[in-house]
Amino acid sequence: MSEENKNLEYKRHTLAHLLAAAVLVDYPHAKLTLGPAIDHGFYYDIDFSAGDAPGDDDLKKIQKHMKKMLGQWKSFEHEEVSAEKAREVFAGNEFKLELIDEIESKGETITLYTAGKDTKAEFTDLCRGRHSENPAEEIAADAFKLDKIAGAYWRGDEKNPMLTRIYGLAFDTKDELDAYLQQLEEAKKRDHRKLGKELGLFSFSELVGPGLPLWSAKGTTFRREIDRFVTELRKEKGYELVTIPHIAKKALYETSGHWQKYSEDLFKVRAKEGDDHDEYVLKPMNCPCHTQIFDSEPRSYKELPQRYAETTMVYRAEQSGELSGLTRVLSITQDDAHVFCRESQLREEIEAICDIVDSFYSKFGFNLKLRLSFRDPENAEKYLGENSVWEETEGMLKAIAEDRRIEYFIGIGEAAFYAPKLDFMANDSIGRVHQVATIQLDRMLPDRFDLTCVNEQGEKERIVMIHAAIAGSLERFAAVLIEHLAGNFPLRFAPVQLAVIPVADAHNDYATDIYNQLKDAGFRVEIDTSNESMGKKIRAAKKNKLPYFIVIGDQEVENKTITLESRDTESNESLSLEEMIIKLQTEAA
Ligand SMILES: [Zn+2]
Ligand SMILES: [Zn+2]
């Protein structure tokens, strides 16, 4: 972590203490539990069960106390204490007592941290440190804000009591806080759950189950176009489509290691009640099945690389509490691909995937940054494989990033335990960063499944695999794209591309003729012959975010021209139908 990030984290952590201190002013019965720094701010989990609990309306008041106390917090001191002493200080607070027992049983030292010693704002908490040394000086009183209240189980376990979690936002400066608040406001307007509903792309059904999105015809059109785009880009690089079943024997996942590692998250399938000979698993990933296509016949080095692509669903049993919109779902559609190649072919294959990623994301106006996810050499024992192989592979990935002149940074400790990764981060239009495509090297599955080719010497040679989803999960990508573009999809991906709007009944015939010709030319087009006013029809087309609409009135019927109006620009051109079709086809390609 950089020095700058560390300072901000210390500030946020300090503010969690300040929040706790401020809460005690009006709620002396409150039992404090834990309060860490998080992305964008901090929170504190508090038990109010012994008396009144604050609501959203009380946050202002608590914040006021915080600001007042901050001025007196000119120091943050600590003291090592015995477990007995700590138990005395926190007598009656079963949460802190539990923490003290834990620290004691691990044989660690117990420290109490006191801010604003010998002032009216003096406050002591059980903590490990990492605070601002002089909060009054370092923390800007206008750069933090209490945000919201939520419920949270003690230590995240639903068997434990429910606590009140108070969230705060905190930055170095007021400007940064304001910019973030504005981003939140904008994100709310673009929320994919809201826009997805308005645009009629997907829905959920209680009866089907949470986390299982149902895609409408419009949503399916959008997904299909995304998939086609990826497939086209891959085809240029020699990928072929394959198809696997949605269930496979438990033994497959025992060989791959998923069974041992992720058993809890797997959906298990049994054909007959009481029959435990053949336990099946709903596939959580596609790689194990793809290895079996590769291994279905002996492979000569001449046949390599084999490149398999398949857009298909995988299923993972996330906890239902975590499911939200399209970003966390149980049925995940991956535009998955696996390359089976020789070590000597790795670099070329990775570069080809980088090309696909570039073409794909630039189409939607994302700026990409690359994270080189490397191992932590200080914990080398946590990783599988020889040091020299790691060093060589990481060196190659870095060389690729440098040659391609892509902006990159190194994520130490972000590698998988068996190989480094390339993780692409996309900056969206409102300044948020999303992790999108990943290129993952893999020497572990080839080992586990004993995948080889016969080399020039006629010997068996261990091959290497690359996992390379481009959009990643179509659900998550749809969520990111909807919010990035505020639902204004490019022509090619829009579920409905244009609407024909006759001004009055008298124009319906000509409008229908235009509509039919556009349909025949392959466009996804709608005609609005309702009795609504023209203004209302145009507003409906705009609300549905159609890239274009065409208004047909007297003039158009008489001159046999069409005026194409755009969602994105003010321009409206008068064209012949043939000219317009060519223009739209060019744009959609
Ligand atoms: Zn602390
Ligand atoms: Zn894979």
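Model, not experiment: these values are computed from the prediction. (Residues numbered from 1 in each chain as written. Chains lettered and ligands numbered in written order. Predicted model: local features only at pLDDT ≥ 70, side-chain atom pairs only at ≥ 80, totals over all residues.)

As a further point, take the packing of helix H8 (residues 217-235) against helix H12 (residues 346-363). Here H8 crosses H12 at 145 degrees, and the two axes come no closer than 10 Å. Like other packed secondary-structure pairs, H8 and H12 cross with a definite hand, here right-handed. Counted together, Phe229, Val230, Leu233 and Arg234 of H8 and Ile356, Ser359 and Phe360 of H12 form the full contact between these two elements. Grouping the amino acids of the contact of H8 with H12 by side-chain chemistry returns 5 nonpolar, 1 polar and 1 charged. (Axes fitted to C-alpha atoms, helices over the stretch in contact; angles between N-to-C directions. Helix = DSSP H or I, 4+ residues; strand = E, 2+ residues; numbered from the N terminus. Left-handed = near helix turned anticlockwise from the far one by under 90°. Contact = placed C-beta atoms within 7 Å. Nonpolar A, V, L, I, M, F, W, Y, C, P; charged D, E, K, R; others polar.)

Within a beta sheet, neighbouring strands are joined by backbone hydrogen bonds and run either parallel or antiparallel to one another. Strand order in the open sheet formed by 3 strands is E4-E5-E6, with antiparallel pairing between adjacent strands. Edge strands, defined here as strands with exactly one partner in the open sheet, are strand E4 (76-81) and strand E6 (123-126). Adjacent strand axes in the sheet meet at a mean angle of 25 degrees, parallel and antiparallel pairs treated alike. In the sheet, E4 pairs with strand E5 (residues 110-115) via 6 bridges, with the strands oriented antiparallel. (Pairing = 2+ DSSP bridges.)

What follows concerns the pairing of strand E8 (residues 162-170). Alignment of strand E3 (residues 41-47) against E8, held across 6 bridges, turns out to be antiparallel. The residue bridging Ile46 from the neighbouring strand is Thr164, located in E8.

To continue, consider the pairing of strand E20 (residues 433-442). In this sheet, E20 lies alongside strand E19 (residues 421-427) in antiparallel orientation, the contact comprising 6 bridges. The residue bridging Asp423 from the neighbouring strand is Thr438, located in E20. Taking the residues that link successive antiparallel strands as the turn, the E19-E20 hairpin has 5 residues, and the phi of Gly431 there is positive, at about 85 degrees.

Taken as a whole, the protein is organised into domain 1 (3-184), domain 2 (197-246 + 283-485) and domain 3 (496-588). Computed over C-alpha atoms only, the centres of domain 1 and domain 2 are separated by 40 Å. (Domains from an automatic or database assignment.)

Moving on to H8. An α-helical turn contains 3.6 residues, so any two residues separated by three or four positions project in the same direction. Compared with an ideal rise of 1.5 Å per residue, which puts 19 residues at 27 Å, H8 spans 26 Å between its outermost C-alpha atoms and is within 8% of the ideal. Buried residues of H8: Gly219, Phe222, Arg223, Ile226, Val230, Leu233 and Arg234, and no others. Within H8, the buried residues cover an arc of 115 degrees as seen down the axis, which keeps them to one side. The exposed set on the far side of H8, more than 90 degrees from its buried face, consists of Ala217, Glu232 and Lys235. (Expected span 1.5 Å × (residues − 1). Buried ≥ 20, exposed ≤ 12 C-beta atoms within 10 Å, placed from the backbone. Arc of directions from axis to C-beta.)

Ordered in space as E25-E24-E26-E27-E28, the 5 strands form an open sheet in which the pairing is mixed. The open sheet has two edge strands with one neighbour each: strand E25 (525-527) and strand E28 (572-575). Strand after strand, the sheet turns through a mean of 25 degrees between neighbouring axes, direction not considered. This element, helix H16 (residues 508-520), spans strand E24 (498-502), E25, strand E26 (548-552) and strand E27 (562-566) of the sheet and lies at about 165 degrees to E25. Its contacts with the sheet place helix H17 (residues 534-543) against E24 and E26, and it is angled at close to 175 degrees to E24.

Moving on, we get to the environment of Val314. Looking at the element boundaries, Val314 is found in strand E15 (residues 306-315). Take Val314: there are 17 C-beta atoms within 10 Å of it, and that puts it in the partly exposed class. Taking the C-alpha atoms as reference points, Val314 and Lys283, 31 residues apart in sequence, are found 5.5 Å from one another. Residues in contact with Val314, not counting those within four places in the same chain, are Lys283, Pro284, Met285, Asn286, Ile332 and Gln334.

Bringing the nonpolar core into the picture now. Burial of nonpolar side chains together is a common tendency in soluble globular proteins. If you look at the biggest cluster of nonpolar residues, it comprises 85 residues, and the most contacted ones within it are Val500, Phe549 and Ile550. When residues are assigned to domains, this core turns out to be shared by domain 2 (197-246 + 283-485) and domain 3 (496-588), each giving three or more. Dropping the residues within four chain positions of it, Phe549 is found in contact with Leu498, Ala499, Ile501, Ile538, Ala541 and Glu565. Among the nonpolar cores identified, the runner-up in size contains 32 residues, and Phe42, Met69, Leu70 and Ala170 belong to it. (Core = buried A, V, L, I, M, F, W, Y, C linked by C-beta atoms within 7 Å.)

With that out of the way, let us pick up unusual backbone geometry. Cis geometry marks the peptide bond from Leu304 to Pro305, where omega comes out at -5 degrees. Its location among the elements puts Pro305 in the loop between helix H11 (287-294) and E15. Located in the positive-phi region is Lys545, a residue other than glycine, with phi close to 60 degrees. Positionally, Lys545 belongs in the loop between H17 and E26. You can call Lys545 buried: it has 20 C-beta atoms within 10 Å. The phi dihedral of Lys560 falls on the positive side, at around 55 degrees, and the residue is not glycine. Looking at the secondary structure, you find Lys560 in the loop between helix H18 (554-559) and E27. Owing to 9 C-beta atoms within 10 Å, Lys560 belongs among the exposed residues under this scheme.

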